[in-house]
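# Topology and contacts: notes
What follows is the residue order along each chain.
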Amino acid sequence: MIAYITGATSGIGEACARKFAAQGWDIVITGRRIERLESLKSEIQRECSVKVLTQNYDVRNLEEVKSNIHQLDEYWSKVDVLVNNAGLAVGKGPFQEGIYDDWERMIDTNLKGLIYVTRELVPKMIENGKGHIINIASLAGIESYGGGNVYCATKHGVRALTRSMRIDLVRQGIKVSVVSPGAADTEFSIVRYKGDKEVADSTYEGYVPLSGEDIAESVFFMATQPPHVNIEEIFILPTAQASSTIFNRSN
Ligand code: NDP
Ligand code: 8X3
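Residues numbered from 1 in each chain as written. Chains lettered and ligands numbered in written order. Predicted model: local features only at pLDDT ≥ 70, side-chain atom pairs only at ≥ 80, totals over all residues. Heavy atoms only, no water.

## Details of unusual backbone geometry
- The backbone of Lys 194 shows a phi angle near 55°, a positive value even though the residue is not glycine.
- With respect to the helices and strands, the residue Lys 194 is situated in the loop between helix H6 (188-192) and helix H7 (197-202). (Helix = DSSP H or I, 4+ residues; strand = E, 2+ residues; numbered from the N terminus.)

## Points about the packing of helix H1 (residues 11-22) against helix H2 (residues 34-47)
- Viewed as axis vectors pointing N to C, H1 and H2 meet at an angle of 25°, and their least axial separation amounts to 10 Å. Accordingly, the angle class assigned to the pair H1 and H2 is roughly parallel. Crossing geometry of H1 relative to H2 is assigned as right-handed. Between H1, through Glu 14, Ala 17, Arg 18 and Ala 21, and H2, the contact on the second element is made entirely by Leu 40, Glu 43 and Ile 44.
- Of the residues contributing to the contact of H1 with H2, the split by class is 4 nonpolar, no polar and 3 charged. (Axes fitted to C-alpha atoms, helices over the stretch in contact; angles between N-to-C directions. Parallel < 35°, antiparallel > 145°, perpendicular 65-115°, else oblique. Left-handed = near helix turned anticlockwise from the far one by under 90°. Contact = heavy atoms within 4.5 Å. Nonpolar A, V, L, I, M, F, W, Y, C, P; charged D, E, K, R; others polar.)

## Let's talk about the side chain of Ser 180
- Within the element layout of this structure, Ser 180 appears in strand S6 (residues 174-181).
- When residues no more than four places from it in sequence are discounted, the contact partners of Ser 180 are Ala 137, Ser 138, Leu 139, Ile 142, Arg 159, Glu 233, Ile 234, Phe 235 and Ile 236.

Shown next as structure tokens:
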């Protein structure tokens, strides 16, 4: 079995790579940070007897997406599961103070990048007569919160695309699902707050957040159902989180 995981250089994507490999899946791991891809590949290959292929590209660049996906040989083209995980939030603040560059990075990565990768890979799934696309959305794709504006819009978009893709692909036998997590302690907040570690850490203060591994469990569960079963969505929160803004921070 082969899983193609975008954004595997940290957080949820890295945890998915480790989980699938530990269960004997061959994996394609992608991301912009080549050193991280190569060291993850070496580590996984030392620990698990699986094949690992790295693809170093930016999901925002359509030409790079096309050339990497078209480079997959006959073996690697038989992708069983695509985990569309690469994504980010950049900034958090009132809409009226929004920064175009931050917004464009989120739209280009979370929406356009996911669209490019899926559009290029899905014909291979159709040719193989099977496949499963698992999109990583967010609680921010279910409810909007103040300051989340464009990030929330991209994640609502991911969930909307998931539903529409499922309709378009049902007759081809391709499953399409979405995992929507709440707060997870990854590099997400460091990226969102542009390297401000203090603010990033305060996101997870006083409660136990999800880990990348918690979410990888859900992704793997979805990916390993029998052929006639499609888990449409998993919405996963830390126990201490009730909504985007309501937390029990008493720990
Ligand atoms: P991380 O910052 O830890 O990981 C993000 C991953 O995405 C990295 O591997 C990064 O790789 C990759 N990535 C980002 N931009 C690009 C790009 N332009 N091209 C290729 N790869 C890219 O964050 P998470 O693991 O938390 O985030 C993973 C997904 O989960 C995102 O879609 C995020 O929105 C979503 N999510 C996160 C939650 C959280 O609280 N952490 C909750 C809900 C959803 P590199 O920098 O090497 O390119
Ligand atoms: C990340 C979770 O609630 O910070 O998608 O938007 S949240």
